[in-house]
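Here is how the chains run, residue by residue.
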Amino acid sequence: MNKDIRSIQTTVVLVEPIGPLNLGSVARLCANFGVQELRLVSPRCDPADPEARRMAVHGVAMLEQAKQFSCLLDAVADCHRVIASSGRLDHGNIPLQTPEQAVSWLLESMGAAPVALVFGREDRGLTNEELQLAQRVLTLHSSHGYPSLNLSHAVAIVLHELQRCKGQGTLREGQSAWPDPASPRQLDACLTDAQDLLLEVGFLLSHTAQARMAKVRGLLQRAAVRPEEVALLRGMVRQLRWAIHSRHS
């Protein structure tokens, strides 16, 4: 299948950005690389700060139109393909990909929903829980001795790789375009229902539930489960709960 990838709607998401200089620089990069939308999760600086506007140059409109959210899950709720960036060494068992691998997967999107690139805090990046909301996590080719890059520098590298791949115009020969996986919100709702049921029947214990469900989330993320498959799983969970309650009523 020959698919034009230049029309894919790209969203950059910044989680709790601290510095107005960095925020303005990212807005400029969004304009440089044709990003459609900038989203901010609980920003710790004001997008209207004069320093942010000065650094944005011709990207001021991105700052003015940036949407704000209280949590990452809400910020990527409508995005069916989500990549997060990690520069931390303590990312647990979360698989990491190169920018080339992650961006190529992002551009295989067949849906009309936007795709998202998520970047964390300047001082401590994204938590493992936040990384797990993304279907792919990338790490940049930096020194192991000091892997964490400045926020705007990391955004520049990833957007450059995205634009390079988009410049090819179509999926490469032999590269498959798979249906988009379920959105982070759909998967999160399903896993919340499943966790409640598994706690109720004693399969999970409250003090280990989060860690064990993180493994289930990772399994489903790697499987790239589709929206209709998540709906099926959630339906099974709800039916099991109904059956258990009916038996004991």
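About the cut-offs
Residues numbered from 1 in each chain as written. Predicted model: local features only at pLDDT ≥ 70, side-chain atom pairs only at ≥ 80, totals over all residues. Heavy atoms only, no water. Helix = DSSP H or I, 4+ residues; strand = E, 2+ residues; numbered from the N terminus. Rg over C-alpha atoms; globule rule 2.2 N^0.38 Å. Contact = heavy atoms within 4.5 Å. Lys, Arg positive; Asp, Glu negative; His and termini not counted. Charge placed at Lys NZ, Arg CZ, Asp CG, Glu CD. Polar contact = N/O pair within 3.5 Å; in protein donor to acceptor, adjacent residues only side chain to side chain. Phe/Tyr/Trp six-rings, centres within 6.5 Å; stacked < 30°, edge-to-face > 60°. Lys NZ or Arg CZ within 6 Å of the ring centre and 35° of its normal. Buried < 20%, exposed > 50% of the residue type's maximum accessible area, 1.4 Å probe, protein only. Axes fitted to C-alpha atoms, helices over the stretch in contact; angles between N-to-C directions. Parallel < 35°, antiparallel > 145°, perpendicular 65-115°, else oblique. Left-handed = near helix turned anticlockwise from the far one by under 90°. Nonpolar A, V, L, I, M, F, W, Y, C, P; charged D, E, K, R; others polar. Expected span 1.5 Å × (residues − 1). Core = buried A, V, L, I, M, F, W, Y, C linked by side-chain atoms within 4.5 Å. Disulfide = S-S within 2.5 Å.

S.K.: So what's going on with the overall build of the chain? Which residues, and what values?
M.R.: Scanning the chain from N- to C-terminus turns up ten helices and six strands. The C-alpha atoms of the chain give a radius of gyration of 19 Å, which matches the 18 Å a tight globule of 249 residues would have. Sequence separation of 24 or more characterises 85% of the internal contacts of the chain that already satisfy a separation of 6 or more. Averaged over its 26 positive side-chain charges, the chain has a centre that lies 3 Å from the centre of its 25 negative ones.

S.K.: Any chance you could break down the side chain of Arg39 for me, citing the residues and the numbers?
M.R.: If you trace the backbone, Arg39 turns up in strand β2 (residues 37-41). Here Asp78 takes part through its side chain, which lies 2.8 Å from a polar atom of the side chain of Arg39.

S.K.: Requested: an account of the packing of aromatic side chains, with residues and values cited.
M.R.: Applying the stated rule across the entire model yields zero aromatic pairs. Its end group placed over the ring of Trp105, Arg81 keeps NZ or CZ at 4.8 Å from the ring centre. Above the plane of the ring of Trp105 lies Arg136, whose end atom (NZ or CZ) is 4.3 Å from the centre.

S.K.: I'd like a description of the environment of Trp105, backed by residues and values.
M.R.: Assignment of secondary structure puts Trp105 in helix α5 (residues 99-106). According to the relative accessible area criterion, Trp105 is buried, its value standing at 9%. Between the C-alpha atoms of Trp105 and Arg81, which are 24 residues apart in sequence, the distance is 8.7 Å. Apart from residues lying up to four places away in sequence, Trp105 is in contact with Arg81, Val82, Ile83, Gln135, Arg136 and Pro181.

S.K.: Which residues make up the side chain of Ser85, and what values go with them?
M.R.: Tracing the backbone through its elements, the reader meets Ser85 in strand β4 (residues 81-85). Residue classification places Ser85 among the buried residues on the basis of a relative accessible area of 14%. When near neighbours in sequence (up to four residues on either side) are disregarded, Ser85 contacts Val118, Phe119, Leu126, Leu131 and Leu138.

S.K.: An account of the pairing of β4 is requested, with residue identities and associated values reported.
M.R.: Most of β4 is tucked away: five of the five residues are buried. Side chains Arg81, Ile83 and Ser85 project from β4 onto one buried face, and the interleaved Val82 and Ala84 project onto a second face that is buried too.

S.K.: Any chance you could break down the packing of helix α8 (residues 184-200) against helix α9 (residues 209-223) for me, citing the residues and the numbers?
M.R.: Closest axis-to-axis distance for the α8/α9 pair is 11 Å, and the angle between their directions is 140 degrees. Judged by the angle between their axes, α8 and α9 are oblique. By crossing handedness, the relation of α8 to α9 is classed as right-handed. Contacts from Leu187, Asp188, Leu191, Ala194, Gln195, Leu198 and Leu199 in α8 reach Ala209, Met213, Val216, Arg217, Leu220 and Gln221 in α9. Residues that form the contact of α8 with α9 fall into these classes: nine nonpolar, two polar and two charged.

S.K.: Could you give an account of α8, with specific residues and numbers?
M.R.: In this model α8 runs 24 Å from its N-terminal to its C-terminal C-alpha over 17 residues, within 8% of the 24 Å that 1.5 Å per residue would give. Looking at the buried residues of α8, the elements they touch are α4 (72-75), β4, α9 and α10 (227-247). A positive phi of about 90 degrees marks Gly202, the residue just after α8.

S.K.: I'd like a description of the nonpolar core, backed by residues and values.
M.R.: Side chains of a nonpolar character, in soluble globular proteins, are inclined to be buried together. With 36 residues, the main nonpolar core has Val12, Leu14 and Leu38 as its most contacted residues. Secondary structure elements with two or more residues in this core: β1 (10-15), α1 (20-32), β2, α2 (50-56), α3 (60-65), α5, β5 (115-119) and α7 (151-166). When residues of this core are assigned to their parent elements, the largest contribution, seven residues, is made by α7. What Val12 contacts, discounting residues up to four positions off in sequence, is Val26, Cys30, Val35, Glu37, Leu38, Arg39, Leu117, Phe119 and Leu159. Val118, Leu131, Leu133 and Ala134 belong to the second largest nonpolar core, which has 18 residues in total.

S.K.: So, the environment of Asp193: which residues are in play, and what are the values?
M.R.: With respect to the helices and strands, the residue Asp193 is situated in helix α8. Along the backbone, Asp193 and Arg238 are 45 residues apart, and their C-alpha atoms lie at a distance of 7.5 Å. Leave out the neighbours within four places in its chain, and Asp193 touches Arg234, Val237, Arg238 and Arg241. Within the structure, Asp193 has its side chain in polar contact with the side chain of Arg234 (distance 2.6 Å).

S.K.: Give me the lowdown on the state of the cysteines, citing residues and values where you can.
M.R.: Considering all chains together, one arrives at zero disulfides under this definition. Lacking any disulfide linkage, Cys30 is separated from the closest cysteine sulfur, that of Cys79, by 13 Å. Taking the relative accessible area as the measure of exposure, Cys30 reaches 0% and is therefore buried. With no disulfide of its own, Cys71 lies closest to Cys79 among cysteine sulfurs, the gap being 13 Å.

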